[in-house]
Structures are given as C-alpha cells and as structure tokens.
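Here is how the chains run, residue by residue.
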Amino acid sequence: MSIFRNPLAAAAAALVLSACGPQAQQNPEAPPAETPSQPSPDTAGSALPRELDPLFAQAAQEFNVPAELLKAVSYAETRWQMIRGEAEFPGQKPAFGLMALRGEDLEQGAALAGVTVEAASTDALSNLRAGAARLSQLATDVNVERGDLAAWAPVVARLSGITNPEAQAEHVHRGVYAVINQGAVALNQDGSVFASLEPVKVEAKFERPQVRAMAAGPDYAAAVWRPSPNYNARPSGSTGDPSMIIIHTCEGSYSSCWSWLTNSASGVSAHYVVNESGSEVSQLVREASRGWHIGATYDCSLNASKECWLNGVSANHFTIGIEHGGYASQTSFPTGQIDASAKLSCDIARDNAIVKDSYHIVAHGRLQPATRTDPGPNWPWSTYISKINSYCGTTTPSGEIIVDSNSANNDASKARFELTGTWTDGYSAGYYGSGYYYAATEAVSAPATFWFYLPTAQTRTVDAWWVAGTNRSTTAPFIAYNAAGSEVGRVSMNQQINGGKWVQLGTYSFSAGWNKVQLSRWTTPGSVVMADAVRVR
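Parameters at a glance
- Residues numbered from 1 in each chain as written.
- Predicted model: local features only at pLDDT ≥ 70, side-chain atom pairs only at ≥ 80, totals over all residues.
- Heavy atoms only, no water.
- UniProt positions renumbered as here; feature names shortened; annotations may be inferred.
- Helix = DSSP H or I, 4+ residues; strand = E, 2+ residues; numbered from the N terminus.
- Disulfide = S-S within 2.5 Å.
- Buried < 20%, exposed > 50% of the residue type's maximum accessible area, 1.4 Å probe, protein only.

*Asks:* I would appreciate a short explanation of the UniProt feature "domain: N-acetylmuramoyl-L-alanine amidase" (unreviewed entry) in the protein chain in the present structure.
*Replies:* The feature "domain: N-acetylmuramoyl-L-alanine amidase" (unreviewed entry), as given by UniProt, occupies residues 228-376 in the numbering adopted here. Secondary structure across residues 228-376 divides into 20% helix and 17% strand, with the first and last C-alpha atoms of the span separated by 26 Å.

*Asks:* In this structure, what is going on with the state of the cysteines? I would like to understand it.
*Replies:* Two cysteines joined by a covalent bond between their sulfur atoms form a disulfide. Inspection of the entire model under this criterion finds 3 disulfides. Note that Cys300 is cross-linked by a disulfide to Cys308, the S-S spacing being 2.0 Å. As the torsion about the S-S bond is roughly 90°, the Cys300-Cys308 disulfide counts as right-handed. We classify Cys300 as buried; its relative accessible area is 7%. Each bonded cysteine of the protein chain gets a number by its place in the sequence, and the pairs then read 1-2, 3-4, 5-6.

*Asks:* It is not clear to me how unusual backbone geometry should be interpreted in this structure. Could you clarify?
*Replies:* Among all residues save glycine, negative phi is the norm, and among peptide bonds the norm is trans. With an omega of 5°, the peptide bond between Asp374 and Pro375 qualifies as cis. Following the sequence through the fold, Pro375 ends up in the loop between helix 10 (364-367) and helix 11 (381-391). At Asn64, a residue that is not glycine, the phi angle is positive and equals roughly 55°. Relative to the helices and strands, Asn64 resides in the loop between helix 1 (53-63) and helix 2 (67-78). Here Asn64 falls in the partly exposed class, since its relative accessible area comes to 47%. Of note in the backbone geometry, Ala353 takes a positive phi value of approximately 55° without being a glycine. The topology assignment puts Ala353 in the loop between helix 9 (335-352) and strand 12 (361-363).

Right, dumping it as structure tokens:
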C-alpha cells in the first residue's frame, strides 16, 4: 500500500512526521492495460530516511550554509515532507523535495550539487544538497556574512520565489525566522526523532511586514481581506448561483499562494486561502463574484451523477474555491488547518445554501482529473465533512456508512478498509473519494475487505462503486459476511459497465459488530477487479 494511503501519526505537539511508511510496489500480476490517468505519487519520499538531522548537517557543512537556516527553510516550505510537485497554477513550476525547489532554483541547485534534476527532485539528500548549494550561490551574489544567521534573510526571500514585498516579509519573519526562533521537532511513529531544530533567538535583517489594520473579509470576518483583481461577474440565472465548494492545495506556501493569486499577471485566483497552521485565512474574491480557480467545465459523471443539469457549464460559474498552503502529495494535513478550513466551509455553505456533503464540497482533482490531483489522497474527507457539519450544527446521515479504499476518508469508529496480497493504486477518472485499488483475477484468496460496524443486528442494502473499463472483470465477486464471519450473501458484478456511481449489490441481514463485504479476485483470469468504495444503507 502506498505511503499516501497511510497518514503518519502525530505524536508530539509539533508536527510529527514519519519516515518509515511502507513503500508502494508495482503489481506484476495486473494486466498492463490499466493505466491510471494521474501520475502515480509512489516514488515520492522513497529516499526519505528515518533521520534527517545528519543529512541537514552534511548539506549545510558542504556548502557553508547554517544548518538552522536550511532546516527552517525546509520546515516553512514543506513541514519536512518529501513532496512531489504537481501543477496548480499556470505559469508556476511544480516544487519538489524537502526544500520545495522549483524551476530555475531546482535546475541550478542540482547542477551546483553535481546531481541530476531527477535526483534533486526525488532523493532527500540530493534535494537538501541542491537547496544548500543554491542558497550558498545566492549568498555569494549578495555578499552575505555567512556566520551571521540574520543576514541570510534576503537570500531566504529570493529562494522563496515570492516577488510581492509584503508576502516576502511575511514569509521571512512569520515563516522561516519564526521557525528558527521557536524551534521544531518531528518524530517517527516509534517516537524516535525524525528531525529537530533547537530554537535560536535572532532577528532577520529584512524589512518587517507592515503594521497596519487589515480589513476583514467582506464575507468571512475571520479572514484578512487581500483583494485580487482576477475575477469577474457570475452569470445571471441558476448556473451562476454558488452551489459547490472546491478544495485546493496551493502546491506552495501560504504567502507565495496569496501573493500569486493577487498578482494581475497570474490570471488566476481563489476566493480564500488557508495557511498551514490554520491561524490565518485570506479572502481574495467576494463570494458573489466568479473566481478563476478551476479550468474545467462540469461533468457529473465525475461526481456521482450529481447536479447533471450543470454539465458543460464552467465550474467557476457556480463554485467557491478554497486554497490551502501545502501540497497534494503531502502525507498528512495539520489539524489546525483542517479545523480552520472546516469553519470557513461551514460559513460559505450556510450563507449560500450549499449542501454539506462530499458531492458539493469536492476536490479540485475530482472535477478536473486530467490535469489536477489536489488536495491529494490524504486530505481527510470524512473528518473534514464531519467538522463542517459539526460547526454548522448539522449532522451527517446517521444510517449510511461509506467505506472508502482510502482509510483517511473513513470514520474509524464505523468503517475501515484492508487489503490482502498485492494490489495497486489506481487514479483513473471516475473514482470515489481519492483513488482505488485494483488487482488481477486469479485463483487466490487475497481479497479487498470493506469493514463496517453496526451497533445492533440490522438488514441493510449494500452498494459498490468502481471505475469501469474494458479490462475489468465481468464477474467480480462481492461476498457479504456478518460479524460472526458467516456468509450472508454474494453477487458477481460486471465492472466493465456502470462505473462512477453506486451500484446495488443486494440487501442482507447483518449482526451487531464488525461486518464486512469482500471483493474477491477468485474468478475468471485475464482481467482485473476494482476495489473503490462500498456504501451500507
């Protein structure tokens, strides 16, 4: 199973990451015709060791850069995660690695460090060495006194790629140098230190952010109003009424995100941006106006056949976009950021009468799967939707349980997903949640299991969701078991048809406790079975 399906445990007050997640494997048994529509993120983080401090020290010493600075830049940019770049905004190069190097900085850093761009993008030490080498080169250009930690601030601003002076000051003082002053630590799942930064008191030699009263967001008072010129009027009529919220990740830091989206030259925007800790939200476009945050027309087949009357309409017409500092490939999202975003989504949904479910609060990648993946497979959808409903004083339907193939999307008290044997991640368009797994059919007992909990014995109807395709099994075996492990029903489904929607499997009598529905591989060989999601209603 990919590390992106296993968010790493938070084990300390500071952000806690793990370097030891299991690595994804290619499934040699799967027919080659199954080609995910999205690039697989499986190689990201593959070279991430369990201890980063020695690597920071090595790179810092080799290129005469303060180790504290190197660690702080990496933490501010990626929270010490080995990110794999994705496109989010036209004209912005994807960022890679612990240092979030992109474009010219990635290429020149790699050359200076004597590694390939590919290595600097995917290998932890190569990425740190490329970042240190680039920082060193920039320091030489402006004649920085290398022993003076405060004097490196202009170099930090330069490496960020931010051009807006206010955003630069925010990034330097409230980002990188705040980390240096406060320190940080990250632990592995077993409690060992993954990376650490002892606090150092230092004042950056860089102009501080302006001290001025910032206007509150016109629609969300808890936001800072930073108006973007990149918007226009929504069309009149029902297609212009906000009816969905789209969740994005910036593929960069918060400061770089809002500064880019408020730059007229970028030609893009979002209504809101939430920072990494959740301590600040910026509003850039009024909710009544049409933001420019998604480059797709609506296709209801990508969204469980919901709101099909909007098919062919620009998704910007009827949506409100929320960007988040961070990356689609990161393994987890800070609790504070999810919390702040859920409060914001609640406010938007309440004011615009938007349905508060996963079909109307949706991922950018779901509606634009050909070119976008954000917010990525590890966005905690179940927690997020539950928080939105909690803040709005509403509840999710109590009788329905959805078991997604991404455990991060499940309410662990009611649903969980397990794989036996070798299965492969898939991301072809039309999946539920954030991807699925597939495996070759053969005479082997290695199922995908969708577990769900019932407090009492009940008769329930079970549905399944898959992505249809010509190489899918026409006899995919779904088998239902009660909590005692006794089979209560089975059915064979044709997965070459009826993709991208719920398909009824049957109605069965389950017992109190953890019941399950298994998708078996034991059927006619030569095809694949698709394990995506199961709904119990």
